[in-house]
Amino acid sequence: MQRKALRLVLVYIVCILIAVFTLFPIYWMFVVSARTKLEVFSGPRLLQTSFYAFNYYRPFFRDVYGRYLMNSLIIASGNTLLVISLAILATYAFSRFRVPGSSNLFFWTITNRMAPPAVFIVPFFLIFTRLGLRDTRIGIILLYSIFNLPFAIWLLKGMIDSIPRELDEAAYIDGCSLFGVLWNVILPLAKPGIMTTAILTWIFAWNEYLFAAILTSVRARTITTGLAEFVTVIGTNWGEMAAVSVVCLIPAVIFIGIAQRHIIAGLTFGAVKD
């Protein structure tokens, strides 16, 4: 009994240490964002008793980072909606119908994700410039879909394959159409997988840096690429960079929190809707 209690205590200690190791960079980023330039370079202090709000005010209300933040929200959310909608239709077709060469098509979609993104920089730059899509939100949304859609299809394929075909047949007998089966049977049961895919797709689009740095300049620039502007030839504005980084975390935490609630609800109440 004592050995079991000791083992449990050790497990808790290890979990606490892992949590501290993981969360300390976020805490330190917030501490730096609350300090003046003098405090940042005066020496490391773990506790912060004051809050320098100007680090948050200037980038978002006097500079362009408010627009950068809005661009990131629109691009990440638009890309997620487009990718999830297309991925559901594609995986439903791959899973439920005999598509000629479906195995080859499925493998081909995955190969689009295997190549390093740097390979596509020059071709996409030329294509986007010729089509007038450079430095536009819709252009970045379509570009991210090229890379996120294969991943979403691959992730959802197993989830939809695990749903018994007998449920489809029962829905057809009850008078459901093809899209009625998809809406009333497949989507409710696949909700945990769909929300998981949506989380990962949104995070990939939110964090992407390379394409956004090359293919945007002013109008569609995202907040992740905007962070590099704090590094100048005369020094780095650590306080404002940390403040913008803290704000970058907030939408991601909110989105993941909302999606996680739906994942739990889908696992608990995964019943077919009427």
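On a predicted model such as this, the values are computed, not experimentally measured, just so you know.

Undergrad: Which residues make up the pattern of salt bridges, and what values go with them?
TA: Enumeration over the complete set of coordinates arrives at six salt bridges. Here aspartate 168 ties to arginine 96 by a salt bridge, and the two come within 2.5 Å at their closest N and O atoms. With aspartate 168 in helix α8 (residues 165-173) and arginine 96 in helix α4 (residues 65-96), the pair connects residues that are 72 residues apart, well separated along the chain. We classify aspartate 168 as buried; its relative accessible area is 5%. Ionic pairing is found between aspartate 161 and lysine 157, a salt bridge with its closest N-O pair at 2.8 Å. Here aspartate 161 pairs with lysine 157, and both are found in helix α7 (residues 137-161), just four residues apart, close to one helical turn.

Undergrad: Can you break down the nonpolar core residue by residue, with the values?
TA: Judged by nonpolar contacts, the single largest core of 31 residues is most densely connected at Phe211, Ile223 and Val244. Elements supplying a minimum of two residues to this core: α3 (54-62), α4, α6 (121-131), α7, α10 (191-207), α11 (210-215) and α13 (238-268). For this core, the element with the most residues is α13, which contributes seven residues. The contact partners of isoleucine 223, leaving out residues within four places of it in the chain, are Phe60, Tyr65, Tyr68, Leu69, Ser72, Trp206, Val244 and Cys248.

Undergrad: Outline the packing of aromatic side chains, listing residues and values.
TA: Overall, the coordinates contain 20 aromatic pairs when judged by the stated rule. Aromatic side chains phenylalanine 24 and tyrosine 27 sit 6.3 Å apart centroid to centroid with 45° between the ring planes, which places their arrangement in the tilted category. Of this pair, phenylalanine 24 and tyrosine 27 both sit in helix α1 (residues 2-33), three residues apart, which is roughly one turn of that helix. Ring pairing ties together the aromatic residues Phe120, Phe124, Phe128, Phe147 and Phe211, which thus form one cluster.

Undergrad: Lay out a nonpolar patch on the surface in plain terms, naming residues and giving numbers.
TA: Together, Leu8, Tyr12, Ile16, Val20, Phe24, Tyr27, Leu46 and Leu47 make up a nonpolar patch on the protein surface, roughly 840 Å² of accessible area in all. Summarising the element assignment, tyrosine 12 is placed in helix α1. Given a relative accessible area of 52%, tyrosine 12 falls into the exposed group.

Undergrad: Describe in detail α1, supporting the description with residues and values.
TA: Compared with an ideal rise of 1.5 Å per residue, which puts 32 residues at 46 Å, α1 spans 46 Å between its outermost C-alpha atoms and is within 8% of the ideal. By the burial criterion, the buried members of α1 are Val31, Val32 and Ser33.

What counts and how
- Residues numbered from 1 in each chain as written.
- Predicted model: local features only at pLDDT ≥ 70, side-chain atom pairs only at ≥ 80, totals over all residues.
- Heavy atoms only, no water.
- Salt bridge = Lys/Arg side-chain N within 4 Å of Asp/Glu carboxyl O.
- Helix = DSSP H or I, 4+ residues; strand = E, 2+ residues; numbered from the N terminus.
- Buried < 20%, exposed > 50% of the residue type's maximum accessible area, 1.4 Å probe, protein only.
- Core = buried A, V, L, I, M, F, W, Y, C linked by side-chain atoms within 4.5 Å.
- Contact = heavy atoms within 4.5 Å.
- Phe/Tyr/Trp six-rings, centres within 6.5 Å; stacked < 30°, edge-to-face > 60°.
- Patch = residues over 30% accessible without salt bridge, like charges linked within 9 Å, V, L, I, M, F, W, Y side chains within 5 Å.
- Areas by Shrake-Rupley, 256 points an atom, 1.4 Å probe, with all protein chains shown as cover.
- Expected span 1.5 Å × (residues − 1).

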